[in-house]
2 protein chains.
Amino acid sequence: MMYAGRDTLEKLCADIFTALGLTPGEAEDSARILVTADARGIQSHGVARIRRYAGGIRQGSIRCGVEPVVLHETPLSFVLDAGGGMGLSLARRSMDRVIAIAEKNGFGVCGIRNSNHFGIAGFYAEMAARKDMIGIAMTNTAALGVPTHARKAMFGTNPIAFAAPASGGKLFSLDMATTAVTRGKIEVYQREGKKLPPFWAVDAEGRVPDDAARLLDGMLYQRGGGLLPLGGEGEMYGGHKGYGLAVMVDILTALCSGGIFGESVRDSEASSARVCHFFMAMRIDLFRPPDDFRRDMDRMLGELSSLESADGSGRVWYAGQKEQDAEERSAREGVPLTEEVWETLKKTAEELGVPFPPPLPAC
Amino acid sequence: MMYAGRDTLEKLCADIFTALGLTPGEAEDSARILVTADARGIQSHGVARIRRYAGGIRQGSIRCGVEPVVLHETPLSFVLDAGGGMGLSLARRSMDRVIAIAEKNGFGVCGIRNSNHFGIAGFYAEMAARKDMIGIAMTNTAALGVPTHARKAMFGTNPIAFAAPASGGKLFSLDMATTAVTRGKIEVYQREGKKLPPFWAVDAEGRVPDDAARLLDGMLYQRGGGLLPLGGEGEMYGGHKGYGLAVMVDILTALCSGGIFGESVRDSEASSARVCHFFMAMRIDLFRPPDDFRRDMDRMLGELSSLESADGSGRVWYAGQKEQDAEERSAREGVPLTEEVWETLKKTAEELGVPFPPPLPAC
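Read on for an overview of the structure. (Residues numbered from 1 in each chain as written. Chains lettered and ligands numbered in written order. Predicted model: local features only at pLDDT ≥ 70, side-chain atom pairs only at ≥ 80, totals over all residues. Heavy atoms only, no water.)

## Remarks on the sheet that holds strand S10 (residues 275–283) of chain B
Residues and elements named next belong to chain B. If you walk across this open sheet you meet the seven strands as S2-S3-S4-S10-S5-S6-S7, and the pairing is mixed. Two strands in the sheet have a free side with no partner beyond their single neighbour: strand S2 (69–74) and strand S7 (171–176). In this sheet, neighbouring strand axes are inclined to one another by 10 degrees on average, regardless of whether the strands run parallel or antiparallel. Note that S2 and strand S3 (residues 77–81) share five bridges and pair antiparallel. (Pairing = 2+ DSSP bridges. Helix = DSSP H or I, 4+ residues; strand = E, 2+ residues; numbered from the N terminus. Axes fitted to C-alpha atoms, helices over the stretch in contact; angles between N-to-C directions.)

## Some remarks on the relation of the copies chain B and chain A
With an RMSD of 0.0 Å, chain B superimposes on chain A once it is rotated by 180 degrees and translated 0.0 Å along the axis. Here the symmetry operator amounts to a two-fold rotation axis. Among all residues of chain B, the minimum C-alpha distance to the rotation axis is found for Gly231(B), at 2.3 Å. Looking at chain B, 100% of its interface residues are interface residues in chain A too, so the copies touch through the same face. (Least-squares fit on C-alpha atoms with pLDDT ≥ 70 in both. Contact = heavy atoms within 4.5 Å.)

## Some thoughts on the interface of chain B and chain A
Taken together, the contacts link 79 residues of chain B with 79 residues of chain A. When chain B packs against chain A, close to 6600 Å² is buried across both sides, 71% of that on carbon and sulfur atoms. Where chain B packs against chain A, one counts four salt bridges. The partner of Arg151(B) in a salt bridge is Glu308(A), and the shortest N-O contact between them spans 2.6 Å. The tally of links from chain B across to chain A stands at 22 residue pairs in polar contact (both at pLDDT 80 or more). Contributing elements (two or more residues each) for the side of chain B that touches chain A: S2, S3, strand S4 (107–115), strand S6 (160–165), S7, helix H8 (239–257), S10 and helix H9 (290–305) of chain B. Per-element tally for the side of chain B that touches chain A: the top contributor is H8(B), with 13 residues. Residue composition of the side of chain B that touches chain A, grouped by class: 48 nonpolar, 17 polar and 14 charged. (Buried area = accessible area lost by both parts, 1.4 Å probe. Salt bridge = Lys/Arg side-chain N within 4 Å of Asp/Glu carboxyl O. Polar contact = N/O pair within 3.5 Å; in protein donor to acceptor, adjacent residues only side chain to side chain. Nonpolar A, V, L, I, M, F, W, Y, C, P; charged D, E, K, R; others polar.)

## Focus on helix H7 (residues 212–220) of chain A
Residue and element names in this part refer to chain A. Those residues of H7 lying buried are Ala-212, Leu-215, Leu-216, Gly-218 and Met-219. Looking straight down H7, one finds that the buried residues subtend no more than 160 degrees of arc, so they occupy a single side. With respect to the buried face of H7, the exposed residues turned more than 90 degrees away are Arg-214 and Leu-220. Buried residues along H7 sit in contact with helix H6 (183–192), strand S8 (201–203) and strand S9 (225–227). Positive backbone phi, at 50 degrees, marks Gln-222, one or two positions downstream of H7. (Buried < 20%, exposed > 50% of the residue type's maximum accessible area, 1.4 Å probe, protein only. Arc of directions from axis to C-beta.)

Set out below in structure tokens:
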């Protein structure tokens, strides 16, 4: 593992994105959000993805410098067609605008269609939570998830992010796929040659697969099968609830913005996923003074994180706590990157003629 | 199974509630919501509960004719202290007011504290969906659910209801506990003498219990253990996501209204559960013309419900579809009630001197 200074890493990624053709603003936003993911220990959504974004930009499925078209506006809301622009930056700017609407009117919301992968959903929900608001962010994603009792993928991993503030910068921050696991988890099992556990996926014949490579292949070539919703197979353990949540995300993101949903959402480097986003901010003083709210949040989060663990050895966490701990550690020790990701960054920088900095020592 | 005419059944239940001391308005609301649950096949939340409500009213934990106190108001929101009043009726009236706010301003929201059991959450979310809005309803409930890696109940079954309209009165209507199952399901296994499956619950020692009676006893006397969140035990199958959703419900219901949350929420006939609710309505034309939205909803729900099932024999449903089918069947054939529930109604009516009607034949 290498440890890079956060500023250095952000600068490097922004330089790479600028060299690829993004505007300086788009490049800075994108770099910041990817590095934030790594700083929080969410490597699946961090700078390791830079080659995928680069591929999208080179092939034109992610378009640089696109100004979104405003399709609809009210005093509380707006709807955008993103025109296949850079999802990370567009999402950051849109949440800024949602927050500004909520600052003025108490509540703000937006729907965005025809966008691209926006990274960690929690980043945007937390932007609102840091302004004494409740923040929500969702996106639909390429169809990999199979409805309860079916065997065909009809929705994405469709994450829900929800954030609310406690005191001293602490947050409750939930950021969860509505499928039992993400494709990334299946890929890890493939790399490690491990058999898949039950409740994660279903194959084209409606059976539980244990071969990760075969499942990934089936999903890639749309032969049927895919990821199970949160709660697993059938209704016995609540799989129909995860399925319902995934469809709820499709409704709020795609049906509200007039974008594509369900099996039409297909991801590849060659074509834009054209995913849809939903952002919402709700001022806490719609309900009560934020100080009172935060005091109760402190008590709640304190109670949860001081619970005795079932096996006496572990810990009980609240949503977002591990990531906040990791982010503090990254500020002290540098952002952790595998050597493989570091080499990817180096190679990408060299291809583009971007000066490659040496890794910073752990500070 | 008996089949009762819906109007007759509602009249009987309203008469019982009036005889117990509720105002005519409270009694009618309460009767309508309970009978709706039975008409939809959700017997766990139907008229079978009338003796529990009667017990609460008689012991004073549910107070009759209480006017809620307005704690806070803005152009988009209000917060109420329900004063231990009848949750069913208060919830119906509050959602009416949230909808009126949204009709005027595009968005309405409310938090309610110190209330009582409000029946099926979906009833309130659907009220908004029938007005070309997206509706959300949540409530916290007595602490029965155990956080991931813990062994002590710290949140309720905390349901989330979300509804959005398609054409012709059809709705997508999700109404789900955020625990893997509800206590009612454990009680069914106890009655039938069946062993509990894994992923539903954890006992006071942090182990998976198979004895339903022992688990219920432990939950009742707060000896530790309880229901697992949606996604089951640990993080392998996403249990931390269900846990996160349950806490999200506590935040929106109790933290927003200044009510009680977590392990403080305790249910018994002798004392009010003092639960908290959250209602939200968001006009669809914040985003786009409702006709366009409904057309896309028709397509989505049509695609989902016409999917081939995995085993070739079953069906694929969308959330709320089974309940809507059942409600149509009840309109034709009468509302199905077990003989046991019918006897309970008869006994309750006789105790209160309420005229008991004969059962209607299936029509």
